[in-house]
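Here is what each chain is made of, one letter per residue.
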Amino acid sequence: MELVLATAIGVMTGCGVWLILRPRTYQVIVGLSLLSYAVNLFIFGVGGVKTNVPPILVDGVPNSTLADPVPQALVLTAIVIGFATTALFLVVLLASRGLTGTDHVDGRNDPR
Amino acid sequence: MSGWTHHLIIAPILVPLVVAALLLFFDERQRVVKAMISLASTLILVAVSLALLRIESGPNDFDGVYLLGNWAAPFGIVLVLDALSALMLLLAALLSVAALVFSLARWHAVGAHFHTMFQLLLVGLNGAFLTGDLFNLFVFFEVMLAASYGLLLHGSGPLRVKAGMHYIAVNLAAALLFLIGVSLIYGTAGTLNMADLAARIPDIEPDRRMLMEAGAGVLGIAFLIKAGMWPLCFWLPTAYSAASAPVAGIFAIMSKLGIYIILRLTMLLFGEGPSAGFGADVLLYGGIATLIFGTVGVLASQALGRLAGFSVLVSSGTLLMVLGINDGAISSGALLYLVSSTLTISAFFMLIELVERGQDAGAIVLAVTMEAYGDADDDEPEEGDGVTMPGTMAILGICFAACGILLSGLPPLSGFIAKFAMLSAMMGTGAIGVPPTAAVWVLVTLVILSGIAALISMTRAGIRTFWSSLEGTVPRVLVIEIVPVMFLLFLTLALTVQAGPAMQYMDTTIRSLSNPRIYIDAVRNAAPVADYDGVSSTNAGSK
């Protein structure tokens, strides 16, 4: 389980970093999305990976068998904020495409 | 401590938030109403932050911990007002008044929802200054950034959209680093409350402490991007010089937010204990590199906007360097420098637009943006109303000279006093009779050189603008545009005249910061308010 999660985070981060270094705006936005998925999974992972346990404190049940609710709350907030900022970036990307006529991040096609 | 004064702590967040929501109910055509509401909000913020500063520095022992939802510290989110956050709140409020009044002349009309975004930016800034919780800090940081994306693009045009896209991409990546840092810290320390975290650091076992420090380092990179430390600063001069003048004026404090958080967290988490001094070297050398890069940039700048952008870097570099040294007396000088340079740079950004208006460069950009936004049905209220300045060139020239004096740190204005306080503290760090070390000489030389570079650049730009201008066209400047600039410059003058009390305040601030126990105990011992109808306080939050 841990291995699968860690591999997923690693692969997504790697792809994301490669994509945000690309010159096309669409690649950058996909890269940022992949990175934010990786980060969300990472936040989820720091609470400890557990399956099928509730994040609810019950008398008599040891804490170690329960899931940590805080990362779940954090990841929810991070998803919402990440979604909103990605949508905003998409609008800027379209505005840039409209104003410069190219989807290059610097607004020009010719390599210097 | 109870009573209504205690609730003032949350006012700097609530007032702009409510006003921002309120402003959405008004149509864009009701510009005057929107402007008045927005202005009222910033004036209230000035009054509130002045009151908070007075209460905080007053003789009574003021309890600055505000428990949101009435939950005790590590469980609920806290707002903490101390001397440093009160100072930053006041600085932000003063800048916002100046920038807003400046924008009323024409800039607020070149795009939609300017006032709403402006108020939301203030929500984010004030929230980040007040919060005592790392994840809450992230939320306020994002509120501020989201508003700043909109404000940077305000006025549109290819230049702004291009700079804005780079700015957004860099800051989205920084936000992800922020999240990684926060979650690493949570994973190792098990808390996100800053005070609780500081108290728990000694108890973290060594193998996990390394991970915690890695988390803090990743978190620090997010703030250093905001503060503009070399090599994370290449976006800054472009973005700041592309922004419209009032927006750049308020952005001047955003880079100081990065500095504020780094100061707060290093003093609190790494002031003492097993992780003491973590990251100090990075700040010192990073600050030196930033200062050199900024100085070269200031010398190389052709356009005034870029000159101002690189001045932000010089200011950030100086401050980061001092944070790296982390010595009480130098730090209090640096706080004065922070206030003085923020006021100066903000005034300078707004002044540039006025000065360049006569040279057509600014006017062309403005004309293009007006065209791009396409306000065809607009009745052009900016032409004709308002009073035009008499003796425009003389007043612009005096303001420009004052900015130059402040940026280069010459007497008699506050830039000199701040730099003098820092430099004399640096020279006097050793015992009496012991000459300063070579490292100190390097720092002192760099600070003085950066001042000389600013002086050369400002003189060159001033001669080109005011003396050798061939067209001889006098820019059309409205009174409400030059008054905010003069107001900010007047504040630096006031800071000079009242340098004694100001320095005293900075000294107290640094002294309370260098004793993190005060902060930690205040937050941990803050008790929830008992419910007035007798219900025990533990139930109060669960309703």
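Sequence order as written defines residue numbering, which begins from 1 separately in each chain. Written order decides the labels, with chains lettered from A and ligands numbered from 1. Only residues with pLDDT of 70 or above have their local features reported here, since the model is predicted, and side-chain atom pairs are shown and tallied only from 80 upward, although totals for entire chains, interfaces and linings are computed over all residues.

So the rule is basically this: UniProt positions are given in the numbering used here, feature names are shortened, and annotations may be inferred rather than shown by experiment.
As recorded in an unreviewed UniProt entry, chain A goes by the name Multicomponent Na+:H+ antiporter, MnhC subunit, listed as coming from Neorhizobium galegae bv. officinalis. Among the UniProt annotations of chain A, the heading Subcellular location (unreviewed entry) holds the following wording: "Cell membrane". UniProt, in the comment section headed Sequence similarities (unreviewed entry), describes chain A in these words: "Belongs to the CPA3 antiporters (TC 2.A.63) subunit C family."

1. Quick notes on the overall build of chain A
Operational definition: What counts as a helix is a DSSP run of H or I of at least four residues, what counts as a strand is a run of E of at least two, and both are numbered from the N terminus. Each radius of gyration is computed over the set of C-alpha atoms, and the globule rule expresses the reference value as 2.2 Å times the number of residues to the power 0.38.
Along its length, chain A carries three helices and zero strands. Relative to the globule expectation of 13 Å for 112 residues, the C-alpha radius of gyration of chain A, 19 Å, shows a markedly less compact shape. Over its C-alpha atoms, taken along the principal directions, chain A stretches across nearly 65 × 25 × 15 Å.

2. What to know about the overall build of chain B
Which entries qualify depends on this criterion: With C-beta atoms placed from the backbone, a residue is labelled by how many other C-beta atoms lie within 10 Å of its own: buried for 20 or more, exposed for 12 or fewer, partly exposed between the two. Each residue is represented by a C-beta atom placed from its backbone, and any two residues with such atoms within 7 Å are regarded as in contact.
When helices and strands are tallied, chain B shows 21 helices and two strands. Per-residue burial over chain B gives 56% buried out of 543 residues. Residue pairs at least 24 apart in sequence account for 81% of intrachain contacts in chain B once pairs closer than 6 positions are excluded.

3. Quick word on the interface of chain B and chain A
This is how the line gets drawn: Gly falls in the polar group here, along with every residue not listed as nonpolar (Ala, Val, Leu, Ile, Met, Phe, Trp, Tyr, Cys, Pro) or charged (Asp, Glu, Lys, Arg).
Taken together, the 22 residues of chain B in the interface contact 28 residues of chain A. Elements with a contribution of two residues or more to the side of chain B that touches chain A: helix 6 (134-153) and helix 7 (158-189) of chain B. Of all the elements, helix 7 of chain B adds the most residues to the side of chain B that touches chain A, at 16 residues. Residues belonging to the side of chain B that touches chain A are distributed by class as follows: 17 nonpolar, three polar and two charged.

4. Side note on the packing of helix 2 (residues 11-23) of chain B against helix 5 (residues 114-130) of chain B
All names here are of chain B. Put simply, the rule is: Each axis is a line fitted through C-alpha atoms, taken for helices only over the stretch in contact, and angles between the N-to-C directions span 0 to 180 degrees. For classification purposes, angles smaller than 35 degrees are called roughly parallel, those larger than 145 roughly antiparallel, those between 65 and 115 roughly perpendicular, and all remaining angles oblique. Left-handed describes a crossing whose near helix is turned anticlockwise from the far helix by less than a right angle; the clockwise case is right-handed.
As a packed pair, helix 2 and helix 5 sit with axes 8 Å apart at the nearest point and diverge in direction by 160 degrees. Classified by the angle between their axes, helix 2 and helix 5 sit roughly antiparallel to one another. Classified by chirality, the crossing of helix 5 by helix 2 is left-handed. Every residue of helix 5 that contacts helix 2 at P12, I13, P16, L17, V19, A20 and L23 is listed here: H115, T116, Q119, L120, L122, V123, N126, G127 and L130. In terms of residue class, the contact of helix 2 with helix 5 is built from 11 nonpolar, five polar and no charged.

5. Focus: unusual backbone geometry
Residue and element names in this part refer to chain B. Here the amide bond leading from W230 into P231 is cis, since omega sits at 5 degrees, within 30 degrees of zero. Tracing the backbone through its elements, the reader meets P231 in the loop between helix 9 (206-227) and helix 10 (235-242). Following P411, the chain continues into P412 via a peptide bond in cis, with omega recorded as 10 degrees. Residue placement: P412 occurs in the loop between helix 16 (392-408) and helix 17 (414-427).

6. Comments concerning the environment of A175 of chain B
Here A175 of chain B lies in helix 7. Residues A175 of chain B and F223 of chain B, 48 residues apart in the sequence, show an inter-C-alpha distance of 9.4 Å.

7. Focus on the confidence of the model for chain B
Residues and elements named next belong to chain B. Our working rule: pLDDT: the predictor's confidence for each residue, scored from 0 to 100.
Confidence in the prediction of chain B, expressed as mean pLDDT, is 83, and 88% of residues score 70 or more. Least confident of the elements in chain B is helix 15 (residues 361-373), whose mean pLDDT is 49; most confident is helix 5, at 93. Segment residues 374-385: pLDDT under 50, and four contacts once partners within four positions in sequence are set aside and those in other chains are kept. Low pLDDT, under 50, characterises residues 534-543; the stretch is placed with 13 contacts to residues that sit more than four places away or in other chains. Under the prediction, the complex receives an ipTM of 0.92, its pTM being 0.88.

8. Brief notes about the UniProt feature "transmembrane region" (unreviewed entry) in chain A
All names here are of chain A. Per the UniProt annotation, the sites labelled "transmembrane region" (unreviewed entry) are residues 6-21, 28-49 and 69-95. Across residues 6-21 one finds 94% helix and 0% strand; the C-alpha atoms that close the span lie 23 Å apart. This span, residues 69-95, is 100% helix and 0% strand, and a straight line between its end C-alpha atoms measures 40 Å.

9. Considerations on the nonpolar core
Residues and elements named next belong to chain B. Note the cut-off: The nonpolar core criterion groups buried Ala, Val, Leu, Ile, Met, Phe, Trp, Tyr and Cys residues into a set whenever they are joined through C-beta atoms within 7 Å.
Counting residues in each nonpolar core, the largest one holds 216 residues, and the members touching the most others are L121, F178, L179, V182, I185 and L351. For this core, the leading source of residues is helix 7, giving 20 residues. Among all residues touching I185, those that are not within four sequence positions of it are L134, L197, M212, G215, A216 and L219.

10. Describing helix 2 of chain B
All names here are of chain B. Rules: Multiplying 1.5 Å by the residue count of a helix minus one yields the expected span of that helix.
Spanning 13 residues, helix 2 covers 18 Å between terminal C-alpha atoms, matching the ideal 18 Å at 1.5 Å per step. Taken together, the buried positions of helix 2 are occupied by P12, I13, V15, P16, L17, V19, A20 and L23. Where helix 2 is buried, its residues meet helix 3 (31-57), helix 4 (83-103) and helix 5.

11. Here's the deal with the environment of A86 of chain B
All names here are of chain B. Tracing the chain through its elements places A86 in helix 4. Taking the C-beta count within 10 Å as the criterion, A86 has 27 such neighbours and is therefore assigned buried. Linking A86 and S57, residues 29 residues apart in sequence, is a C-alpha distance of 9.2 Å. Discounting chain neighbours no more than four positions away, the residues touching A86 are S49, L52, L53, E56 and L81.

12. Some thoughts on the confidence of the model for chain A
Looking at chain A, the pLDDT average stands at 86 and 96% of residues meet or exceed 70. Element-level mean pLDDT values for chain A span from 88 in helix 3 (residues 69-100) of chain A up to 93 in helix 1 (residues 2-20) of chain A.

13. Details of the environment of G294 of chain B
Residues and elements named next belong to chain B. Among the structural elements, G294 can be located in helix 12 (residues 280-300). Along the sequence, G294 and S311 sit 17 residues apart, while their C-alpha atoms lie 6.6 Å from each other. Ignoring any residue separated from it by four or fewer positions in sequence, one finds G294 in contact with F310, L313, V314, G317 and S450.

14. Topic: the packing of helix 7 of chain B against helix 9 of chain B
Residues and elements named next belong to chain B. Running from N to C, helix 7 and helix 9 point in directions that differ by 155 degrees, and their axes come no closer than 8 Å. With respect to helix 9, the axis of helix 7 lies roughly antiparallel. For the pair helix 7 and helix 9, the sense of crossing is left-handed. Contact with helix 7, carried on its side by V170, A174, L177, F178, I180, G181, V182, L184, I185, T188 and A189, involves R208, L211, M212, A214, G215, A216, V218, L219, I221, A222, I225 and K226 of helix 9 and no other residues of that element. Taken together, the residues of the contact of helix 7 with helix 9 sort by class into 18 nonpolar, three polar and two charged.

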